[in-house]
Amino acid sequence: MKIAVLGGLGLQGRAAIADLVASAGVEEIVCVDTAADGPARLAGLTDLSRVRFVVPEGAIGPALATVLADVDAVIDLLPQPLMREAVQAAIATRTPLVTTNYGKAIADLASEAEKAGVSIMSECGLDPGIDLVLYARAAKQFSTISSIDSYCGGIPEPKAMAKPLCYKVSWNFDMVLVSQNRDSVMIEDGKRVEVSAGRQHDNRFIHEIEVAGLGRLEAFPNGDALHYVEMLDGAKGLQRSGRYTLRWPGWSAFWAPLKELGFLSEDKVPGTSASPREFLGRLLGPQLQYGADEKDLCVMRNVFSGLEGGRAKTVTSDLIIERDLGSGLFGMSLGVGYPASIVAQMLARREITTPGLLNPLQHVPDGPFFDELARRGITVAETVAWD
């Protein structure tokens, strides 16, 4: 197999390349990135003898199409504004593609992908990604599902916490701030409930959960729960659902007044070229970097409740991924890069062949997927409680 990684020198791209190098059957990895010093940037991470570095020149669309025409699958880890170019190149060359970005932004390309007979797997990272395959696995364990609560967040290990934020950057900090300007959709008492971005850190859905070994974490709404529920046949009568970001306690109390004062506004400050949100990213990002001996933690929990055979039960799936200090790869990078690599290899081997715009919840085989994650040291702990 030949697999290309677009944005291969980024945090997630590095993890995907390291995984592909370690995977049997991958003959060549093509690292596509605008930086010209790729070998130096990846030095010491993995064996680079099967990695070919490509710096795209000219218009991005034709440059990507040239690369994709010579590979069996591609992983798109480019900045979100370039996702459309990558998907269009994949459709033009009929090359299966995995992207970790949200599928809504390319929904209009679904029919083109289907006509071309090519599989475009969207939302295939950590969250969304691993959690969606957990949705599919849970659906098999219930006759009907009445509630789904999904939690995920990247946080520093306790010794790496620094007040007042108790947060450090394990991926694009600008995107962390952007996500705080995102509306959320919840389900309560079987009805759709909208939480505006302006109330994200000041609403009745904010609560805490207890995580073994860590203690209490704060959960606040951050996502469209209804979007994924509609993909589950067994959840048509769902009474409650929410998608929550996890942080150390105090996150919402810190951001609520700043948001009210406009510090996360996207509007340019008069007389300047930057918005308050952009300024905060530039100001805080450099101060929130991990030390070489500090770990980030990706904490995920999904709680499913419903009926099976007339009996009420709850299935709880827990997952924690931590930084590998040996390679320096963050837990967040592993949690995004590994699923993308696993599914790209499934596409390259034609184990997934459905054409069109796909989603892990509906199109990734859960058994083989979690077996592959376990081989990489990422295991989901599942508990079942009967009422």
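Residues numbered from 1 in each chain as written. Predicted model: local features only at pLDDT ≥ 70, side-chain atom pairs only at ≥ 80, totals over all residues. Heavy atoms only, no water.

## Some words on the overall build of the protein
Argument step 1. On a plain count of helices and strands, the protein comes out with 13 helices and 16 strands.
Argument step 2. By the compact-globule yardstick of 21 Å for 387 residues, the protein fits well, its C-alpha radius of gyration being 21 Å.
Argument step 3. Seen along its three principal axes, the alpha-carbon backbone of the protein occupies a region of about 60 × 50 × 40 Å.
Argument step 4. Counting only residues that meet the buried cut, the protein has 55% of its 387 residues in that class. (Helix = DSSP H or I, 4+ residues; strand = E, 2+ residues; numbered from the N terminus. Rg over C-alpha atoms; globule rule 2.2 N^0.38 Å. Buried < 20%, exposed > 50% of the residue type's maximum accessible area, 1.4 Å probe, protein only.)

## Quick word on the sheet that holds strand 3 (residues 51-54)
Argument step 1. Taken in spatial order, the seven strands of this open sheet run 3-2-1-4-5-6-15, and their pairing is parallel. At either margin of the open sheet sits one strand with a lone partner, and together these are strand 3 and strand 15 (356-358). Going across the sheet, the axis of each strand differs from the next one's by a mean of 20°, ignoring polarity.
Argument step 2. The sheet contact formed by strand 1 (residues 2-6) and strand 4 (residues 73-76) spans four bridges and is parallel. By the bridge assignment for strand 4, Ile-3 is matched with Ala-73.
Argument step 3. Lying over the sheet, helix 1 (residues 11-21) contacts strand 1, strand 2 (28-32), strand 3 and strand 4, oriented at roughly 170° with respect to strand 1. (Pairing = 2+ DSSP bridges. Axes fitted to C-alpha atoms, helices over the stretch in contact; angles between N-to-C directions. Contact = heavy atoms within 4.5 Å.)

## Examining the pairing of strand 10 (residues 207-211)
Put simply, side chains in a regular strand alternate between the two faces of the sheet.
Argument step 1. Across five bridges, the pairing between strand 10 and strand 11 (residues 215-221) is antiparallel. Of the residues in strand 11, the one forming a bridge with Glu-210 is Arg-216.
Argument step 2. Taken together, strand 10 and the strand that follows it, strand 11, pair antiparallel across an intervening segment of three residues, in which Gly-213 is found at a positive phi of about 85°.

## Some words on the packing of helix 3 (residues 60-68) against helix 4 (residues 83-93)
Argument step 1. It is at 9 Å that the axes of helix 3 and helix 4 come closest, and there the two elements cross at 45°. Judged by the angle between their axes, helix 3 and helix 4 are oblique. Here helix 3 and helix 4 pass one another in a crossing that is right-handed. The segment helix 3 lies against helix 4, with Ile-60, Gly-61, Leu-64, Ala-65 and Leu-68 engaging Glu-85, Ala-86, Ala-89, Ala-90 and Thr-93.
Argument step 2. Partitioning the contact of helix 3 with helix 4 into residue classes produces seven nonpolar, two polar and one charged. (Parallel < 35°, antiparallel > 145°, perpendicular 65-115°, else oblique. Left-handed = near helix turned anticlockwise from the far one by under 90°. Nonpolar A, V, L, I, M, F, W, Y, C, P; charged D, E, K, R; others polar.)

## Some remarks on the packing of helix 6 (residues 130-139) against helix 13 (residues 366-375)
Argument step 1. Between helix 6 and helix 13, the least distance of the axes is 10 Å, while the angle of their chain directions is 135°. In terms of their interaxial angle, helix 6 and helix 13 are classed as oblique. Seen from above, helix 6 lies across helix 13 with left-handed handedness. The residues of helix 13 that touch helix 6, namely those facing Ile-130, Val-133, Leu-134 and Arg-137, are Asp-366, Phe-369, Phe-370 and Leu-373.
Argument step 2. A class-by-class count of the residues in the contact of helix 6 with helix 13 yields six nonpolar, no polar and two charged.

## Some thoughts on the pairing of strand 8 (residues 184-188)
Argument step 1. Burial runs high along strand 8: four of the five residues are buried.
Argument step 2. Direction of pairing for strand 8 relative to strand 9 (residues 191-195): antiparallel, over a ladder of five bridges. Residue Ser-184 lies in a different strand from strand 9, and its bridge partner there is Val-195.
Argument step 3. With antiparallel pairing between neighbouring strands as the criterion, strand 8 and strand 9 make up a hairpin whose turn holds two residues, including Asp-189 at a positive phi of roughly 55°.

## Thoughts on the packing of aromatic side chains
Argument step 1. Tallied over the entire structure, the rule returns eight aromatic pairs.
Argument step 2. For the pair Trp-251 and Trp-255, a centre-to-centre distance of 5.7 Å together with 55° between the ring planes defines the contact as tilted. In this pair, Trp-251 and Trp-255 are both assigned in helix 9 (residues 251-260), four residues apart and thus about one turn of the helix distant.
Argument step 3. Classification of Trp-251 as buried rests on a relative accessible area of 2%.
Argument step 4. Trp-255 sits in the buried class, given a relative accessible area of 0%. (Phe/Tyr/Trp six-rings, centres within 6.5 Å; stacked < 30°, edge-to-face > 60°.)

## What to know about helix 10 (residues 276-284)
The α-helix winds at 3.6 residues per turn, so residues separated by three or four positions along the chain end up facing the same way.
Argument step 1. Buried within helix 10 we find Pro-276, Arg-277, Leu-280, Gly-281 and Leu-284. Seen along its axis, helix 10 keeps its buried residues to an arc of 145°; they face one direction.
Argument step 2. Buried-residue contacts for helix 10 involve helix 7 (173-178) and helix 9. (Arc of directions from axis to C-beta.)

## A short note on helix 9
Argument step 1. Trp-251, Ser-252, Trp-255 and Lys-259 are the residues of helix 9 that are buried. In an axial view of helix 9, the angular spread of the buried residues amounts to 75°, which keeps them on one side of the axis. Among the exposed residues of helix 9, those oriented more than 90 degrees off its buried face are Ala-253 and Glu-260.
Argument step 2. The inward-facing, buried residues of helix 9 contact helix 7, strand 11, strand 12 (240-247) and helix 10.
Argument step 3. Directly beyond the C-terminal end of helix 9, a positive phi value near 95° is found at Gly-262.

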